[in-house]
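# Examination of the molecular architecture
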Amino acid sequence: MKKVKQKRKGWFCALKRFLSLFIKKPKFVFAEKTVLNNSIFLCNHVGALAPLALELYAPFKFRFWGTFEMNSGLRSVYKYLSTVYFYRKKHFGKFRSKITAFFSAPFLTLFYKGLNLISTYRDIRLKKTIKESEETINSGENLVIFPEDSSNGYFDKLTHFYSGFVLLGKTCLKNGIDLDVFPAYYIKEKRVFTVGKPVKFSSLIENNTSKYDVADKMKDQVNALRTCYLKDLAS
């Protein structure tokens, strides 16, 4: 599948063309050919690797979910990078985290602005996220969501998924849209982005399955993509 042009502003498209000179295109592997609309992709984050690979080369139109701190101006971006991303997730020392954040924050503030990111929140403002996400789905775009708990770093085997995407699925279902939910996994050492078979959101919540059980089930499906792909390579 060929990459498609995302709905981004001209200056950001030019920046992406420049970045593509240094970032190689990954291999996209889909379990089946299907129409990619009214869908959400649940993917591992791998730091900046998966978002960059998708933004530059994805063969479907989408918008990202991303933490509001990275979408709230330079000061907010610097604070998040220095105290959370580089320090807690990438395990840099405090001094290195602050220096790295100081130099990278201006560029990343600009980059995230160009992404047209949908901000996510951990409080009542999540309603804004759901509303904007539903509008995006209705416009014919997909959503890429990174639900993994990366508070202590990024790991090959994902241990926990947050359940915010379940609230989105229920809202869309209530309004007549049964989302296709795709598990996806970016295998960094192989530069392969593998996408599993979609499952209808309605089937995930059959028998009043809790949001936590849904999140855990999808986490296991995402992990299985890596295991199966590497196993197939070895056989």
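Further up the page is the structure itself.
Residues numbered from 1 in each chain as written. Predicted model: local features only at pLDDT ≥ 70, side-chain atom pairs only at ≥ 80, totals over all residues. Heavy atoms only, no water.

## Notes on empty space enclosed by the protein
- Considering all chains together, one arrives at one cavity of 30 Å³ or more under this definition.
- Estimates place the volume of the largest cavity at around 30 Å³.
- Lining the largest cavity, in full, are Glu148, Asp149, Gly153, Phe155, Leu158, Thr159 and His160.
- Here the residues of the lining of the largest cavity are counted per class, giving two nonpolar, three polar and two charged. (1 Å grid on protein atoms, 1.4 Å probe; cavity = no way out; pocket = protein on both sides within 12 Å on 5 of 7 lines; lining within 4 Å. Points joined across faces, edges and corners; volume = space filled by probe spheres on them. Nonpolar A, V, L, I, M, F, W, Y, C, P; charged D, E, K, R; others polar.)

## What to know about the packing of aromatic side chains
- In the structure shown here, the tally under the stated rule is 16 aromatic pairs.
- A centroid spacing of 6.4 Å and a plane angle of 40° characterise the contact between tyrosine 186 and phenylalanine 193, whose relative ring orientation is tilted. Per residue, the accessibility class of tyrosine 186 equals that of phenylalanine 193, and both read buried.
- Sitting above the plane of the phenylalanine 92 ring, arginine 96 keeps its charged end 3.6 Å from the centroid.
- Sitting over the face of the ring of phenylalanine 68, arginine 125 holds its NZ or CZ atom 4.8 Å from the ring centroid. (Phe/Tyr/Trp six-rings, centres within 6.5 Å; stacked < 30°, edge-to-face > 60°. Buried < 20%, exposed > 50% of the residue type's maximum accessible area, 1.4 Å probe, protein only. Lys NZ or Arg CZ within 6 Å of the ring centre and 35° of its normal.)

## Remarks on unusual backbone geometry
- With a phi angle near 65°, histidine 91 is a residue other than glycine that sits in the positive phi range.
- As for its placement among the helices and strands, histidine 91 is situated in the loop between helix H3 (74–89) and helix H4 (94–115).
- A relative accessible area of 53% means that histidine 91 is categorised as exposed.
- The backbone of arginine 191 sits at a positive phi, close to 50°, despite the residue not being glycine.
- Relative accessible area serves as the criterion here: at 39%, arginine 191 is assigned to the partly exposed category. (Helix = DSSP H or I, 4+ residues; strand = E, 2+ residues; numbered from the N terminus.)

## As for the side chain of arginine 8
- Of note, arginine 8 is situated in the segment before helix H1 (10–19).
- Side-chain polar atoms of arginine 8 contact the side chain of glutamate 55, separated by 2.9 Å.
- Setting aside chain neighbours within four positions, we find arginine 8 in contact with Cys13, Lys16, Glu55, Phe62, Arg63, Gly114 and Leu115. (Polar contact = N/O pair within 3.5 Å; in protein donor to acceptor, adjacent residues only side chain to side chain. Contact = heavy atoms within 4.5 Å.)

## Section: the pairing of strand E3 (residues 62–67)
- When you tally the buried positions in E3, you get six out of six residues, the bulk of the element.
- The pairing of E3 with strand E5 (residues 142–145) spans three bridges and is parallel. The partner of arginine 63 across the bridge, within E5, is leucine 143.
- Of the strand pairs in this sheet, E3 and strand E4 (residues 118–120) are connected by three bridges, and their pairing is parallel. Its bridge partner lying in E4, threonine 67 is registered against threonine 120. (Pairing = 2+ DSSP bridges.)

## Focus: H4
- Taking the largest bend as the criterion, H4 deviates by roughly 45°, centred on serine 104, and proline proline 106 comes between one and four positions later.
- Looking at H4, one finds that the buried residues are Ser97, Ala101, Ser104, Ala105, Thr109, Phe111, Gly114 and Leu115.
- Buried residues along H4 sit in contact with H1, helix H2 (49–57), E3 and H3. (Bend = angle between axes of the 7 residues up to and from the residue.)

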